[in-house]
Amino acid sequence: MTLDFVLREARLAGREAETLDIGLRGGRIAAIAPGLVCDAPEERLGGRLVVPGFVDTHIHLDKSCILGRCACRLGTLQEAIAEVAAAKRAFTEDDVYARGRRTLEKAILQGTMRMRTHVEVDPRIGLKGFHAIARLKRDYAWAIDLQVCVFPQEGMTNDPGTEDLLVAACAAGADVIGGCPYTDTDPDGQIARIFAIAEKFDLDVDFHLDFDLDPSWMHLDEVCRQTAARRWGGRVAVGHVTKLSAIGAKELAAIGHRLADAGVAVTVLPATDLFLMGREAAHSVPRGVAPAHRLLALGVTCSLATNNVLNPFTPFGDCSLIRLANLYANVAQLGRPADHAMCLDMVTRLPAALVNASDYGIAVGNPADLVVLDAPDGAAAVAEIAQPLKGWKRGKPTFSRPCPVLHRPE
Ligand SMILES: [Zn+2]
């Protein structure tokens, strides 16, 4: 068999009983079988888990790494939006590029190979952030497939000029159109306008939605209604929906079925939601994280994602999705190996489905996007936050990290 390279003794999620060889040719997976016979260069993985790269469906590269420019006294969503809005006025294209690059490189080193980044567009920042991130997309295409989702963080119908800028960004090649109805004075109006832009440019839609713990009202209903009315099912995602952590099982089941029927996917952002929600509580602080695993059981496509890195929304961040899968399992009180394997799915296979990646997964014919984790199976990878040791994007190495070594006394 003619191959460029072989990864030997790999374990694949869901097929952990045996070790397999993965043969690469022309940047694609050409063969998967035990004991492939060929004389191509090879690397032995010693039974370690190989995943098809992590998929981060929701991050903000443009406003990452600005903690030093912001005051964070209250730790609320309103403060975070106001602080970033003030800092944003000084953003330049080169500044956004440099901070975005730092965050993107961290993500690549953590094994992320596909990513949807939100980018703020409004009359203050104009298209500077969009142009910077579009450059990053081109410059790092060797390591990561980056989708650029432009959105109005500070409102749209109440912020003249914003919609024209969003349309201009879509005309200039934005991949996804995003919305944020909770900061708009006319939330339903914004939802309708965002869908209209999506239809005009044939784009997927991604909303920041229902980001508090008051379950008495939700924008979710309008998003599901518009998705169904415009036949946009399978092309719509909503992020946060923390209100869903504040309702009972019966109501959650009804909403889960509604989301699944409409074809609206959900991204849960545990780091941000844990940090910002429940600030009014002095004790017994609610976790404020939407129950992705319960929605998944109801048929909703769910992902876990990073959201913010080192800014007032989330003053943390190593860009590790395996750590976020572990964090979610911990917060959601999930302890069985099958649950941990499901959490791995929510940072790999399921987010790939959310972004409509049709060529994702370790299968013959797909791009050779492969990440070796220092774990024997998916459940252990999540339970132990296994380190990504090495990655290949379309068959070319993109990063490596040595296994830690213990130095015993002589
Ligand atoms: Zn976000």
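Our structure is the block above this text.
Residues numbered from 1 in each chain as written. Predicted model: local features only at pLDDT ≥ 70, side-chain atom pairs only at ≥ 80, totals over all residues. Heavy atoms only, no water.

Draft legend 1. Highlighting the overall build of the protein. A tally of regular secondary structure across the protein gives 13 helices and 16 strands. For 410 residues, the compact-globule estimate of 2.2 N^0.38 gives 22 Å, and the protein sits close to it at 21 Å. Projected onto the principal axes, the alpha-carbon positions of the protein cover approximately 65 × 55 × 45 Å. Expressed as a percentage of the 410 residues in the protein, the buried residues total 58%. Pairs at least 24 apart in sequence give 77% of the contacts found in the protein among residues at least 6 apart. Carbon and sulfur atoms make up 52% of the accessible area of the protein, which totals about 16,200 Å². Taking the average location of the 44 positive side-chain charges in the protein and that of its 50 negative ones, the two points are 2 Å from each other. (Helix = DSSP H or I, 4+ residues; strand = E, 2+ residues; numbered from the N terminus. Rg over C-alpha atoms; globule rule 2.2 N^0.38 Å. Buried < 20%, exposed > 50% of the residue type's maximum accessible area, 1.4 Å probe, protein only. Contact = heavy atoms within 4.5 Å. Areas by Shrake-Rupley, 256 points an atom, 1.4 Å probe, with all protein chains shown as cover. Lys, Arg positive; Asp, Glu negative; His and termini not counted. Charge placed at Lys NZ, Arg CZ, Asp CG, Glu CD.)

Draft legend 2. Main features of the nonpolar core. Membership of the largest hydrophobic core comes to 107 residues, with the highest contact counts inside it found for Ile 177, Leu 244 and Tyr 328. If you tally residues by element for this core, the top one is helix H10 (residues 321–331), at seven residues. In this structure Tyr 328 touches Val 268, Pro 270, Val 289, Ala 290, Pro 291, Ala 292, His 293, Leu 304, Leu 334, Cys 343 and Met 346, once residues within four positions along its chain are discounted. If you look at the next biggest cluster of nonpolar residues, it comprises 16 residues, including Leu 24, Ile 29, Leu 370 and Trp 392. (Core = buried A, V, L, I, M, F, W, Y, C linked by side-chain atoms within 4.5 Å.)

Draft legend 3. Spotlight on the coordination of the zinc ion. Listed as protein donors to the zinc ion are His 58 (NE2), His 60 (NE2), His 208 (NE2) and Asn 307 (OD1); their distances from the metal cover 2.0 to 2.3 Å. With four donor atoms in place around the zinc ion and angles of 86 to 174° between them, the coordination shape is irregular. Taken in chain order, the donor set of the zinc ion reads H-x1-H-x147-H-x98-N. Placement of His 60 in the loop between strand E6 (54–59) and helix H1 (77–88) and of Asn 307 in the loop between strand E13 (302–304) and H10 is noted, with a sequence separation of 247 residues between them. With respect to class, His 60 is no different from Asn 307; both count as buried. (Donors = N, O, S within 2.8 Å, 3.2 Å for Na, K, Ca; no water. Tetrahedral: all angles 85-135°; square planar, octahedral: opposite > 155°, others 65-115°.)

Draft legend 4. Inspection of the pairing of E6 at higher detail. Burial within E6 is extensive, with six of its six residues counted as buried. Both E6 and strand E7 (residues 112–120) contribute to a ladder of four bridges, which runs parallel. Bridge pairing in E7 places Ile 59 opposite Thr 117. (Pairing = 2+ DSSP bridges.)

Draft legend 5. Quick peek at the side chain of Asn 366. Examined against the element boundaries, Asn 366 turns out to sit in the loop between helix H12 (349–354) and strand E14 (370–373). Once you skip the residues sitting within four places of it in the chain, Asn 366 turns out to touch Arg 28, Ile 29, Asp 359, Tyr 360 and Gly 361.

Draft legend 6. Molecular detail of the packing of helix H4 (residues 162–171) against helix H5 (residues 187–201). Look at H4 against H5: their axes get within 11 Å of each other, and the N-to-C directions meet at 25°. As far as their axial angle goes, H5 and H4 are roughly parallel. Pair H4 / H5 crosses with right-handed handedness. For the pair formed by H4 and H5, the contact residues are Glu 163, Leu 166, Val 167, Cys 170 and Ala 171 on the first element and Arg 193, Ile 194, Ile 197, Lys 200 and Phe 201 on the second. Taken together, the residues of the contact of H4 with H5 sort by class into seven nonpolar, no polar and three charged. (Axes fitted to C-alpha atoms, helices over the stretch in contact; angles between N-to-C directions. Parallel < 35°, antiparallel > 145°, perpendicular 65-115°, else oblique. Left-handed = near helix turned anticlockwise from the far one by under 90°. Nonpolar A, V, L, I, M, F, W, Y, C, P; charged D, E, K, R; others polar.)

Draft legend 7. View of the pattern of salt bridges. Within this structure, the stated rule accounts for 35 salt bridges. A salt bridge links Arg 44 to Glu 42; the nearest nitrogen and oxygen atoms lie 3.3 Å apart. A relative accessible area of 37% means that Glu 42 is categorised as partly exposed. For Lys 243, the salt bridge goes to Asp 212, with nearest N and O atoms at 2.8 Å. (Salt bridge = Lys/Arg side-chain N within 4 Å of Asp/Glu carboxyl O.)

Draft legend 8. Local environment of the state of the cysteines. Enumeration according to the criterion identifies zero disulfides in this entry. We note that Cys 170 lacks a disulfide partner, and the nearest cysteine sulfur, in Cys 149, lies 8.7 Å from it. For Cys 170, a relative accessible area of 6% gives the class buried. Free of any disulfide, Cys 224 has its nearest neighbouring cysteine sulfur in Cys 302, separated by 12 Å. Residue Cys 224 is classed as buried on the basis of its relative accessible area of 4%. (Disulfide = S-S within 2.5 Å.)

Draft legend 9. Seen up close, the sheet that holds E7. If you trace the eight strands from one edge of the open sheet to the other, you get E6-E7-E8-E9-E10-E11-E12-E13, paired in parallel fashion. Edge positions in the sheet fall to E6 and E13, since each of these pairs with one other strand and no more. Neighbour to neighbour, the strand axes of the sheet diverge by 25° on average, direction disregarded. In this structure, strand E11 (residues 236–240) lies alongside strand E12 (residues 264–268), joined through four bridges in parallel fashion. Pairing of Val 236 across the sheet is with Val 264, part of E12. The sheet strands contacting H4 are strand E8 (145–151) and strand E9 (176–179), and the helix crosses E8 at an angle near 160°.

Draft legend 10. Representation of the packing of aromatic side chains within the structure. All chains considered together, the criterion is met by five aromatic pairs. Judged by centre distance (6.0 Å) and plane angle (70°), the rings of Tyr 182 and Phe 211 are edge-to-face. Taken together, the residues Tyr 182 in the loop between E9 and H5 and Phe 211 in the loop between strand E10 (204–209) and helix H6 (220–229) connect sequence positions 29 residues apart. The exposure class of Tyr 182 is partly exposed, given its relative accessible area of 22%. Taking relative accessible area as the criterion, Phe 211 reaches 5% and is therefore assigned buried. Here the guanidinium or amino end of Arg 99 rests over the ring plane of Phe 91, the centre of that ring lying 4.3 Å away. (Phe/Tyr/Trp six-rings, centres within 6.5 Å; stacked < 30°, edge-to-face > 60°. Lys NZ or Arg CZ within 6 Å of the ring centre and 35° of its normal.)

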